[in-house]
Structures are given as C-alpha cells and as structure tokens.
Amino acid sequence: MRSIFGPNGLIAKAHPEYEHRPGQIDMAEAVLRAFEQKHHLIVEAGTGTGKTLAYLVPAIAAACGSGARVVISTGTKNLQEQLMDKDIPFLQDVLPAKFRAAVMKGRNNYACLHRIKGAESTPFLDGLDQIDQFDEVFRWATQTETGDRAELSNLPENLPFWRHIDARADTCLGQKCPDYEPCFLTRMRQRAMDADVIVVNHHLFFADLALRNGAYGAVLPDYAAVILDEAHQIEDVASEYFGSGVSNYQLDDLLRDVSYLKIEDREAEKELTRISSRIQRYADLFWVSFREGRGLEGRFALMPRGSSTVREGADDYESQAEIPADRPQDAGAPHAALDNALNRLETAIDILKDAPAEADSILRRTRQLRFDLNFIVKAADKEFVYWLERRGRGAFLRASPIDVSGLLQDKLFEKVPTVVLTSATLSSGGNFRFIRERLGLDEGEEMIAESIFDFENQAVLYLPAKMPDPRSPQWGAAAAEQVINIVNATEGRAFVLSTSNSGMNEMFERVASQIDYPCFVQGSASKSELLKRFRETPNAVLFATSSFWQGVDVRGEQLSCVIIDKLPFAVPSDPIIAARQRHIEEQGGSSFYEYSVPQAIISLKQGLGRLIRSTTDRGVLAVLDPRLRTKMYGQQFLKSLPPCRVTSNVDDLIRFFAVESAASA
C-alpha cells in the first residue's frame, strides 16, 4: 500500500495534485488486512482522507489475487458515478494489475426494449411534448449500449412515461421475452459476471440481500466481499428491503397491464374486464378507509402508539403535533372485499388457455400483492412497525422491521467473509458502539482514519452566548437575528440548514429581506440547479433542509459558512423512529441516550461536513441550538465535532476572515 499511496508511489507519480495522507495509507492497510484475514472492518474516514482510493486499491488487489468478486455499494448516485467515471478509470491506468469493473443499477434505471416496441398498442403519452420526448427515447434505445436512463441527460429528470417503458421486475417476461438476448438487463448482468469489481447502490444491494436464498434467487452475481460506503444510511435502507409494501400505483399498474393483455377468448376477456372493474371499485374503498380525518401528507403509524415511556431527555425532541394513529382493523371489510376480487383475478388468469407471456408476471404480481396486503393489514408480527405514507396522489402501506440487527447479522455478517463499513460519519462520542448495535456487527476491526485537515486553523465553531429554548415562541426571531449577524460577518457564502421544512421557510422569510446578499431556498428549483446557482453567484446564501446535509460538495471560499439551526434529532412522531425508540425502552434501555443522541450526532457531523472540503478551505461552523451548552448530552456532541476553536463573539468571525483576506492579498 505504501508503494502505491506513499509520497513517491504510483498515485503520486500519476496525479499532479496528489497529497500524501497518512490516514489514507492506514485505512488502505486496514482494508487489505480485512480481505487477507477474512474479517469485518468499520472505519470512519472524514472528508479529505481519500477513502474511495483507500478501499478501491486493496479491493482490486484482493479481487485480482484471489479471483473472487468484490462488490462496492454506495449510498448516492453521485458517488457511484464518481467511482465509475473517475476513480476506477484512473486506477485502471495507474495500477499494474489489469481488472474489469462494472456498474449495476436498479431495474427501473434501464429501458425495456419489449415495452418500448409495444408502446404503439399501449397508449400512455399525454401531449405533443411527451410524443417528441418518446421519439427521442425510441431513437436512443436503438443506439445505446447500456439502456441507462442517466444517458438521457437532455430530457427532464422525471419523464412521466418512463415508468411505462422501464425494465421493472413486475412486467419482466424473463427468458420468455423475445428481446431477452439484446435486453439491457441481460447485457448488464453479463458485464457484472465478467467483472472483478461491481459498483452498486445500497438499494440494489439490499434488494439482492433480501432475495438471496429465496424463491426468486439473487440479483447480483456471487461475491466474496463487500464494501459499504456511506454506511450511516444502512439501517434505513435495510429496513425498507426487509419489509413489505403496497401502493395504489401498484394496483393501478396491475389493472392497466391486465387491460393490455391480448386474449383470443372473448368470454375470458369480458370476465377479466368485469373482475378489473370490481378490483378498482374495492381498491377505491380500501384506500379511502385510510383517509378519514386526514388530508395531510407524511408518514403515519398504522398501530396504536400506546403511552410513551421515554423519560430522560424527552423534552429535547423537536415539538411535534401528535397525529392519531390509524388502526389496520379500519380497513378490514374493504380489504376482505379487495382480496376476494384479487383472488378471482388470480383464478381467471391461472385458467386462461393459450395465455400470452405477460400473464405469468400478472399472476405473480397478484399473488404478491395479496400476500403483502394481508401481512400489513393483519399487523400480527410484533417485530414489525406498520405505517402509511401519503405523497401527492400516492398512498403507500408499509411494514418495516423495527430492528434489522439480527437480519443483517444472519444474512450479511455471518454469510460474507469480509464486510467493510465506511463513511465520513460513523462514530459518536469517539466510538462505534451505536452503529455496531444498530447493524448487528459484533466482531470486527475498527479505526478512525486521521484527517489531513488542520481544523484548529481552518475552522471556527460559533455557539451563541445566549439563546432561548428551541421550542419557545422567542426562538424564531432570536435565531433569525443570529443568522443575519453571522451572514453579514461572513459576507454571505453560507448554507443555512434547518431540521424541518417549516423551520427553513420561516428562517428564509425572516432573513432574506434583511440581508444584502443573493438568497436561494430549497424547493424553488431542483437540487442540482440550486447548487449550480449557488456556486456561480458570489456571496450567495442557500436556505435548505436535510437533503443538503450530505452528498453536497462546494469547495473553496464560495461556501465559507454552515449554519445549523437545531440539533437534528429524528422526529419522534415518525412511525419507524417511534417504534425503534419504544423497542429500546421495552428492552430496559434509554431510547434517548442509546438512539436519539448518537443518531443526531452522526447527522450533525454530516451537516458540518459540508464546510471543509480541502486543505485550503476555511470557514465557520455555527450551531444555534443552546442545548449544546445547557444539557449534559451537549458534551457528547462537542466531543464528536472536529477540534476547532470555539467562540461566541461574532466579531471573531470578522477577524477570522480578515486574516484570510490579508493572507491572500
């Protein structure tokens, strides 16, 4: 590793901007050790460590040396693209060993040749714009090698008709498809089978993990080791894929595809039409049963919460209006009628003579829908939390495991010889106890890779001397005044990050008209467009929420200040969060200190990690929440932050940037 990463190593000779990083070498050696000794590793590598190369090089060495495939799973598409478009091609040029890499994405990222060809008989385009866009997609599909939606960069991100032509599993005919050989998924799988290193995202990885050793087989080729980057996201992604879900869109798509079936028997066709009408009628009644007294969007528990047993620190959660829980029993009668209608559809499809190939997938989907609906509505398994999400016109019923540690231990850590977990934020209070317990990682090496950043000189932590309680009526005005003072001291160049949409909008309304710097607010344009405007606009201020807390990279003085309004405790009214907290309390623990505090510490570190992105960056970290100083647990937060100077005087911020200006003059 030192011959590759050292001051005179292969990378230094090939990369003109290479910086020697002791922490990178330590991490690379630890990853290589995990591969060689076949054990697990958890490593926190902050911004500037160079963690992607630190795990790629030993992964490539292990794959080439043993012939065993390595999977690298990322939390964001940005990192996935960085690995495939930048880091891996660089190493293919630099390293003496020749290796092959492939990327695999979720099925809905790829176009389906069979569905595109059949589009003429399944009208779904709305308006001339969509017709023109579809014509462009059709031409592209005849020329592209990959069929990856990302190649259509000149078309809108959310093409309304893409869901009708993508390669989702629900509509796949498998080897019965006339386009099986040229299929983009077939080609993708073949590239993956031939590769030494496969790059995927967490959603695909855990979709595969949930299916392995089951009736539907695996999604990914077999592998001997996996590296999970951005591993702080794993618990939430795993709980999604080890659970069940049903949406109104699934039922709509099923009925639409039934109507497109080409059936020669007229009586059978009429019967399917009657059954479909019946399903639609009962489906409408079923979804209405979850709507009573609620016009809100969001996530809501389907089980009674019961009395809360949270005591210590309970007053530290952000105040939320209590939302009454739906009871699954309310949907009992509509569900029984809907299930009976779906059963009739299942029988009618099953006895079709000379059924088209599409009938098999419809039969499979109907059975799965019935199973998932029954599981969620009965809500009998106490290991799961049952909840409803309303988003726009969509209604989503879900069942999620409350604790995924046992599942991950059984399906991942005991089955795969080497699992490497890494992220810029995995520790809280200087240790990995929280993440180990949440993920079920009992054994394995651990390390915190040394950062090359000089936080003492590159950053200042600003904590206001006196602030009202975050839940008090005085909070909004006091926080806005602080933001105005800080932004004036830093001459804009700031992210103002809030823990809620309402908090963000209120802050924007209070501050934007009081400062002389260009202001942008999340929601006024796409995330990528807002970042582009921020980078290109001198002295800009961006008001945003959690989606800008991670995976965002703005280097240089354009971003010189990150202001966080409140400690990012997870919202306790969220059904999954509430269930996890209740589970800890029932085991005799303290959900506040064992879950809420360490989870908030990791979130806070993610937000503050937006600021210092290189050795030349300088900036101010500001946290307006007084609980950092007034509560005992505040010390755990401060201990987890980079070791930088702390001040409560805004004038110190002005002097900090005056020194920077003098140095660059």
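Values in this document were obtained by computation on a predicted structure and should not be read as measured data. (Residues numbered from 1 in each chain as written. Predicted model: local features only at pLDDT ≥ 70, side-chain atom pairs only at ≥ 80, totals over all residues. Heavy atoms only, no water.)

K.L.:
What is the right way to read a nonpolar patch on the surface from this model?
P.N.:
A contiguous nonpolar patch, built from L125, L128 and I131 and spanning about 270 Å² of accessible area, is present on the exposed surface. By secondary structure assignment, the location of I131 is in helix α7 (residues 128-141). (Patch = residues over 30% accessible without salt bridge, like charges linked within 9 Å, V, L, I, M, F, W, Y side chains within 5 Å. Areas by Shrake-Rupley, 256 points an atom, 1.4 Å probe, with all protein chains shown as cover. Salt bridge = Lys/Arg side-chain N within 4 Å of Asp/Glu carboxyl O. Helix = DSSP H or I, 4+ residues; strand = E, 2+ residues; numbered from the N terminus.)

K.L.:
In this structure, what is going on with the sheet that holds strand β4 (residues 197-201)? I would like to understand it.
P.N.:
The strands making up a sheet are joined through hydrogen bonds of the backbone, oriented either antiparallel or parallel. Strand order in the open sheet made by the seven strands is β3-β4-β2-β5-β10-β1-β11, with parallel pairing throughout. The open sheet terminates on both sides in strands that have one partner only, identified here as β3 (101-103) and β11 (445-449). Taking each pair of neighbouring strands and ignoring which way they run, the sheet shows an average axis angle of 15°. For strand β1 (residues 41-45) and β11, the ladder comprises five bridges, and the chain directions are parallel. When the bridges of β11 are listed, V43 appears paired with M447. Helix α9 (residues 202-211) rests against β2 (70-74), β4 and β5 (225-228) of the sheet, and its axis sits at about 100° to β4. (Pairing = 2+ DSSP bridges. Axes fitted to C-alpha atoms, helices over the stretch in contact; angles between N-to-C directions. Contact = heavy atoms within 4.5 Å.)

K.L.:
When you look at the environment of W162 in this model, what are you seeing that I'm missing?
P.N.:
Here W162 shows up in the loop between α7 and α8 (184-193). On the basis of relative accessibility, which here comes to 8%, the residue W162 falls in the buried class. Sequence-wise, W162 and E267 are 105 residues apart; in three dimensions their C-alpha atoms are separated by 33 Å. Excluding residues that lie within four positions of it along the chain, W162 makes contacts with N108, N109, Y110, A111, V137, W140, R149 and L152. (Buried < 20%, exposed > 50% of the residue type's maximum accessible area, 1.4 Å probe, protein only.)

K.L.:
How should helix α5 (residues 77-94) be read in this particular structure?
P.N.:
Note: α-helices contain 3.6 residues per turn, so residues at a spacing of three or four share the same orientation. With 18 residues, α5 extends 25 Å between its outermost C-alpha atoms, agreeing within 8% with the 26 Å of an ideal straight helix rising 1.5 Å per residue. Along α5, the largest kink reaches about 40° and is centred on L83. Those residues of α5 lying buried are L79, Q80, L83, D87, I88, F90, L91 and V94. Elements in contact with the buried residues of α5: α2 (10-14), α4 (51-66), β2, β3 and β4. Between the side-chain oxygen at the start of α5 and the backbone nitrogen of L79 there is a gap of 3.3 Å, and the oxygen is on T76. (Expected span 1.5 Å × (residues − 1). Bend = angle between axes of the 7 residues up to and from the residue. Polar contact = N/O pair within 3.5 Å; in protein donor to acceptor, adjacent residues only side chain to side chain.)

K.L.:
Which parts of the structure should I look at to understand the confidence of the model for the chain?
P.N.:
Detailed reading of the predicted model is not advised wherever pLDDT is low. Scored by pLDDT, the chain has a mean of 87; 92% of the residues are at 70 or more. Every residue in residues 304-329 scores below 50 in pLDDT, and together they form 56 contacts with partners more than four places removed in sequence or on other chains. (pLDDT = per-residue confidence, 0-100.)

K.L.:
Looking at this model, I keep getting lost on the packing of α4 against α5. Mind explaining?
P.N.:
For any two helices packed against each other, one specifies the inter-axial angle together with the distance between the axes. Where α4 contacts α5, the two axes come as close as 11 Å, and the packing angle between them is 60°. Compared by their axis directions, α4 and α5 come out oblique. Relative to α5, α4 is oriented so that their crossing is right-handed. Together, T52, L53, Y55, L56, V57 and I60 of α4 and L79, Q82, L83, D87, I88 and L91 of α5 make up the contact between the two elements. Its residues assigned to classes, the contact of α4 with α5 shows nine nonpolar, two polar and one charged. (Parallel < 35°, antiparallel > 145°, perpendicular 65-115°, else oblique. Left-handed = near helix turned anticlockwise from the far one by under 90°. Nonpolar A, V, L, I, M, F, W, Y, C, P; charged D, E, K, R; others polar.)

K.L.:
So what exactly am I meant to see when it comes to the sheet that holds strand β17 (residues 619-623) here?
P.N.:
The strand order across the open sheet formed by seven strands is β14-β15-β13-β16-β17-β12-β18, and the pairing between neighbours is parallel. The open sheet is flanked by β14 (519-521) and β18 (645-647), the only strands paired with a single partner. With direction set aside, neighbouring strand axes in the sheet form an average angle of 20°. Two elements, strand β12 (residues 459-462) and β17, share four bridges in a ladder whose sense is parallel.

K.L.:
Would you mind showing me how to read unusual backbone geometry here?
P.N.:
It is generally the case that most residues other than glycine have a negative phi and that most peptide bonds are trans. With a phi close to 50°, A379 is a non-glycine residue in the positive phi region. With respect to the helices and strands, the residue A379 is situated in the loop between α14 (358-378) and β8 (384-391). Residue A379 is classed as buried on the basis of its relative accessible area of 11%.

K.L.:
Help me out: how do you make sense of a negative patch on the surface in this one?
P.N.:
A grouping of D410, E414, D442 and E443 is seen on the molecular surface, where their side chains present a negatively charged patch. Relative to the elements of secondary structure, E443 occurs in the loop between α16 (433-439) and β11. (Lys, Arg positive; Asp, Glu negative; His and termini not counted. Charge placed at Lys NZ, Arg CZ, Asp CG, Glu CD.)

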